[in-house]
Amino acid sequence: MHLLFATVPVPYPSWLNPADNTWQITAATFVGLMSLPALAVLYASTVQKKWAVNVLAMMFAGFSLVLVAWVLWSYKMGFGATSIGGGVRNGIQTQLSGVGWVRHLFENFVGKPGGITSSVGEQGQAVSAANTAVPFHFPTSSLAYFQFVFAAITPLLFLGSVLGRIKFSAWCLLVPLWSTFVYGVDAFMLWGGGYMAQEGALDFSGGYVIHMSAGVSGFVAAWVLGPRLLRDRTHAIPNNLVMAAVGAGILWLGWNGFNGGDPYYAGASMAAAVINTNLATAVGVLTWMALDGWLSKAKKPTFLGGVNGMICGLVAITPCAGWVNGRGAIYVGLIATTIVWVAWNYLSRVRPFSQVDDALGVVYTHGIAGFTGGVLLGIFGDPNMIQYGCGHLNAAGQVVNTSQSAYVAAHGTCVPFSVAGLMYTGSGHQLWEQFRAALFVIFWSALVTYILMKLIGLVLRGSRYSDEILEVGDMAIHDEEAFPEGVSPEEAEIMEEALVMAGIGEGTPPDPGLAPSTHPDVPNSGREP
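Note that this is a predicted model, so its numbers are computed, not measured. Residue numbers here run from 1 along each chain, matching the order of that chain's written sequence. Local features in a predicted model are, by the rule used here, given only for residues with pLDDT of at least 70; side-chain atom pairs are given and counted only at 80 or more, and totals for whole chains, interfaces and linings are based on all residues. Side-chain numbers here rest on the full set of heavy atoms in the structure, without hydrogens or water.

**A word on the overall build of the protein chain**
In terms of helices and strands, the protein chain carries 20 helices and two strands. The size measure is the radius of gyration over C-alpha atoms, and the globule rule it meets is 2.2 Å times the number of residues to the 0.38 power. Taking 529 residues into account, the globule formula puts the C-alpha radius of gyration at 24 Å, and the protein chain, at 25 Å, falls close to it. In terms of overall dimensions, the protein chain has C-alpha extents of about 85 × 65 × 45 Å along its principal axes. Exposure categories follow from relative accessible area, calculated using a 1.4 Å probe and restricted to protein chains: below 20% of the type maximum is buried, above 50% is exposed, and the middle band is partly exposed. Here the protein chain holds 529 residues, and 52% of them are scored as buried. By definition, residues are in contact when any of their heavy atoms lie within 4.5 Å. A sequence separation of at least 24 residues applies to 79% of the contacts in the protein chain between residues at least 6 apart. Only the protein chains shown count as cover for residues, and the accessible areas themselves come from Shrake-Rupley with a 1.4 Å probe. When the accessible surface of the protein chain is split by element, carbon and sulfur atoms take 66% of a total near 23200 Å². Separation of charge centres in the protein chain, based on 22 positive and 30 negative side chains, amounts to 15 Å. To qualify as a helix, a DSSP run of H or I must reach at least 4 residues; to qualify as a strand, a run of E must reach at least 2; elements of each kind are numbered from the N terminus. For the purpose of counting charges, residues Lys and Arg are taken to be positive, whereas Asp and Glu are taken to be negative. His and the chain ends are not included. Here the site of a charge means atom NZ of a Lys, CZ of an Arg, CG of an Asp or CD of a Glu.

Okay, here's the thing in structure tokens:
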């Protein structure tokens, strides 16, 4: 009997659920792979070869900059337990009623900055108003890393709008500043328990906070920077579509962690979010290819069009992945991709879109798709798609003795959490809240991005490279090439030594300036026509 009550070593505290914690870190790793290598490879392969190294360098630098800022101050701005102004305090929303809207807005605007580098900051139980329905079953480090990979991919997405002319130094200033003043606010307002969340606006996994914000910010930054060189705009030939397919494929499957990780628990809502994500994406691919084949000038389905459709489906389902059913996911993928296809082909001819050089069309595939998906949640949200049900918790916050009937039924003070859309209830309330939140994210992201770009331009005496540097690209900026042509003097010397050591004789090394062979039997990968 004595042994039953003895203190023994344990691998984790009572509030930690190993399955939930394992899935959270796994999902975070999937999302991290969406940035590195997926997005880096996708973007670097779809630009001219002279910009491939520049894209890769900015991707890796941006990812690293966000992480350093995240652990030192910005994680708590988006997901801290207390807001500036005190509307959220110790993970509790204290102003759900009885407060005027102005005070309510500003006291629930953003979390207090602070670091999480201490032992308690990394190993203590995660606490945030982001999830007040069920206690977190993992430490702060799990939540912080999961949310970091979301914060990191957001500026990397809008790199697609400004590549081909933004200075590397300007990018390295913009990323941490943007992550702090734009992403931190947007995340807290909708995810961290801030004003918009308290008003009832919802974003399952980042249709607004990540994609719409990236689309708007990229568009504004591209406007401030001005267009790429005329030659780069008219001769924008992808350098390697096969590698682009590799990046796109990893991006698609990585989205299983993107949307599957946001219920925060390895449960039924997670599984539903994953299958809905893939379903909407498949519909997006097929829709864009069909529209290209039927309605485009060439009347031909294209691979890059399929990738655009893939991104539209992924982005549009993101704000509603676990709150719509399978039929709703099909509708979301179909409607959003059709809208973006029309915008890509026709809205792009109208001001202001025709006047801004958004290099990879981020405002369409992320901005418009994210907005559309968020609004469609207000229509297709299924009240029977339950994210958090009702049951029994023990003293440590672990679920015990919970039947399916108890999980789906409201009893006592517990009401199962789901989203009631117009299609099921006839009420437009959720649609209105989604629209209000979209307007805020668009306004805030555009305003702050404009200010930051102007300030960075003043500090660096311009945020874009000179035309002479833009003509050259990677070699002028990084002294590296992704696809070197010819043989360098150093390589020629090594080849000559190898010939001598092999006993072949002195030989004549290849001319350092020799271009790759044009013989039809000799590969010449990556050359521009």
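**Quick word on the confidence of the model for the protein chain**
On a scale of 0 to 100, pLDDT captures the predictor's confidence in every residue. Of all residues in the protein chain, 90% attain a pLDDT of 70 or more, and the chain-wide mean is 91. Per-residue pLDDT stays below 50 along residues 507-529; that stretch engages in 30 contacts with residues further than four places along the chain or on separate chains.

**Brief notes about the state of the cysteines**
Note on terminology: pairs of cysteine sulfur atoms within 2.5 Å are recorded as disulfides. In total, this model carries one disulfide according to the counting rule given. Note on Cys-312: no disulfide assigned, nearest cysteine sulfur contributed by Cys-320 at a separation of 14 Å. The exposure class of Cys-312 is buried, given its relative accessible area of 0%. Note on Cys-320: relative accessible area 0%, which makes it buried.

**Regarding the environment of Val-41**
Within the secondary structure layout, Val-41 lies in helix H1 (residues 18-46). Accessibility expressed as a relative area gives 19% for Val-41, which makes it buried. A sequence separation of 53 residues divides Val-41 from Thr-94, and the C-alpha atoms of the two residues are 45 Å apart. Apart from residues no more than four positions distant in its own chain, Val-41 is found in contact with Met-243 and Gly-247.

**As for a nonpolar patch on the surface**
Patch members must show over 30% relative accessible area and no salt bridge, and they are joined within 9 Å when carrying like charges or within 5 Å when they are nonpolar side chains of Val, Leu, Ile, Met, Phe, Trp or Tyr. We define a salt bridge as a contact between a side-chain nitrogen of Lys or Arg and a carboxyl oxygen of Asp or Glu at a distance within 4 Å. Side chains of Trp-223, Phe-443, Leu-447, Tyr-450, Ile-451, Leu-455 and Leu-458 sit close together on the surface and give an oily, nonpolar patch of about 740 Å² of accessible area. The greatest single-element share of the nonpolar patch, amounting to six residues, is contributed by helix H17 (residues 429-460). With respect to the element layout, Leu-447 can be found in helix H17. Residue Leu-447 is classed as partly exposed on the basis of its relative accessible area, which comes to 36%.

**A short note on the packing of aromatic side chains**
Centre-to-centre distance and the angle between the planes together describe a pair of aromatic rings. Only centres within 6.5 Å qualify two rings of Phe, Tyr or Trp (six-membered ring in Trp) as a pair; their planes then separate them into stacked at under 30 degrees, edge-to-face at over 60, and tilted for everything else. Applying the stated criterion across every chain, the model contains 32 aromatic pairs. With 5.4 Å between their ring centres and 40° between their planes, Phe-136 and Phe-138 make a pair best called tilted. The structure contains a cluster of three or more aromatic residues connected by ring pairs, namely Trp-70, Tyr-75, Phe-79, Phe-136, Phe-138, Phe-146, Phe-150, Tyr-183, Trp-191, Trp-255, Phe-258 and Tyr-264.

**Here we look at the side chain of Asp-382**
Locating Asp-382 in the fold gives a position in the loop between helix H14 (362-380) and helix H15 (404-408). There is no salt bridge for the buried Asp-382, and the closest opposite charge comes from Arg-327, which lies 7.5 Å off by N-O distance. Each polar contact in these results corresponds to two N or O atoms within 3.5 Å; when the atoms are within protein, one needs to be able to donate a hydrogen and the other to accept it, and residues that are neighboring in sequence are counted only if both atoms are side-chain atoms. A polar contact is formed between the side chain of Asp-382 and the backbone nitrogen of Asn-384, at a distance of 2.9 Å. With residues up to four places along the chain from it excluded, the contact list for Asp-382 reads Trp-323, Val-324, Asn-325, Ser-418, Val-419 and Tyr-424.

**Details of H17**
Helix span is expected to be 1.5 Å times the residue number reduced by one. Look at H17: 47 Å from first C-alpha to last across 32 residues, which is about the 46 Å you get at 1.5 Å a residue. Immediately downstream of H17, the backbone of Arg-461 shows phi near 55°, a positive value.

**Quick notes on the pattern of salt bridges**
Applying the stated criterion across every chain, the model contains seven salt bridges. Between Asp-357 and Arg-165 there is a salt bridge; the shortest N-O distance is 4.0 Å. Here Asp-357, found in the loop between helix H13 (326-345) and H14, pairs with Arg-165, found in the loop between helix H5 (140-162) and helix H6 (168-190); they are 192 residues apart in sequence, far enough to count as distant.

**A closer look at the environment of Arg-461**
In this structure, Arg-461 sits in the loop between H17 and helix H18 (467-472). Distance in space between the C-alpha atoms of Arg-461 and Met-59 is 23 Å, their sequence separation being 402 residues.

**Thoughts on H1**
Along its 29 residues, H1 runs 41 Å from first to last C-alpha, staying within 8% of the 42 Å computed at 1.5 Å per residue. The axis of H1 is deflected most strongly, by about 40°, at Ala-38. Regarding H1, its N-cap is Asn-17, as a side-chain oxygen of that residue lies 3.0 Å from the backbone nitrogen of Ala-19 further along. Take the seven residues that end at a residue and the seven that start at it, fit an axis to each, and the angle between those axes is the bend at that residue.

**Some details on the packing of helix H2 (residues 52-79) against H6**
Relative placement of two packed helices is described by the angle separating their axes and the distance separating the axes. Interaxial angles span 0 to 180 degrees and are taken between N-to-C directions of axes, which are lines fitted to C-alpha atoms, for helices over the stretch in contact. At a minimum axis distance of 9 Å, the contact between H2 and H6 shows a crossing angle of 35°. Judged by the sense of rotation from one axis to the other, the crossing of H2 with H6 is right-handed. From H2, Ala-57, Met-58, Ala-61, Gly-62, Leu-65, Val-66, Trp-70, Trp-73, Ser-74, Met-77, Gly-78 and Phe-79 reach across to H6, where they touch Phe-168, Trp-171, Cys-172, Val-175, Pro-176, Ser-179, Thr-180, Tyr-183, Gly-184, Ala-187 and Phe-188. Note on residue classes: Ala, Val, Leu, Ile, Met, Phe, Trp, Tyr, Cys and Pro are nonpolar, Asp, Glu, Lys and Arg are charged, and everything else, Gly too, is polar. Classifying every residue of the contact of H2 with H6 by side-chain character gives 17 nonpolar, six polar and no charged. Left-handed describes a crossing in which the near helix is turned anticlockwise from the far one by less than a right angle; the clockwise case is right-handed.

**With respect to the packing of H1 against H5**
Look at H1 against H5: their axes get within 9 Å of each other, and the N-to-C directions meet at 15°. What the angle tells us is that H1 and H5 run roughly parallel. Note that H1 runs across H5; the crossing there is left-handed. Across the interface between the two elements, Asn-21, Gln-24, Ile-25, Ala-27, Ala-28, Val-31, Gly-32, Met-34, Ser-35, Leu-39 and Tyr-43 from H1 touch Ser-142, Tyr-145, Phe-146, Val-149, Phe-150, Ile-153, Leu-156, Leu-157, Leu-159 and Gly-160 from H5. Taken together, the residues of the contact of H1 with H5 sort by class into 15 nonpolar, six polar and no charged. Relative orientations are named as follows: roughly parallel for angles under 35 degrees, roughly antiparallel for angles over 145 degrees, roughly perpendicular for angles from 65 to 115 degrees, and oblique for any other angle.

**Details of unusual backbone geometry**
The residue after Leu-36, namely Pro-37, is reached through a cis peptide bond having omega 20°. As for its placement among the helices and strands, Pro-37 is situated in helix H1. Here the amide bond leading from Arg-351 into Pro-352 is cis, since omega sits at 0°, within 30 degrees of zero. Mapped onto the secondary structure, Pro-352 falls in the loop between H13 and H14.

**Things to note about the environment of Gln-404**
Assignment of secondary structure puts Gln-404 in helix H15. For Gln-404, a relative accessible area of 57% translates into the label exposed. Expressed as a C-alpha distance, the spacing of Gln-404 and Gly-391, which sit 13 residues apart in the sequence, is 8.7 Å.

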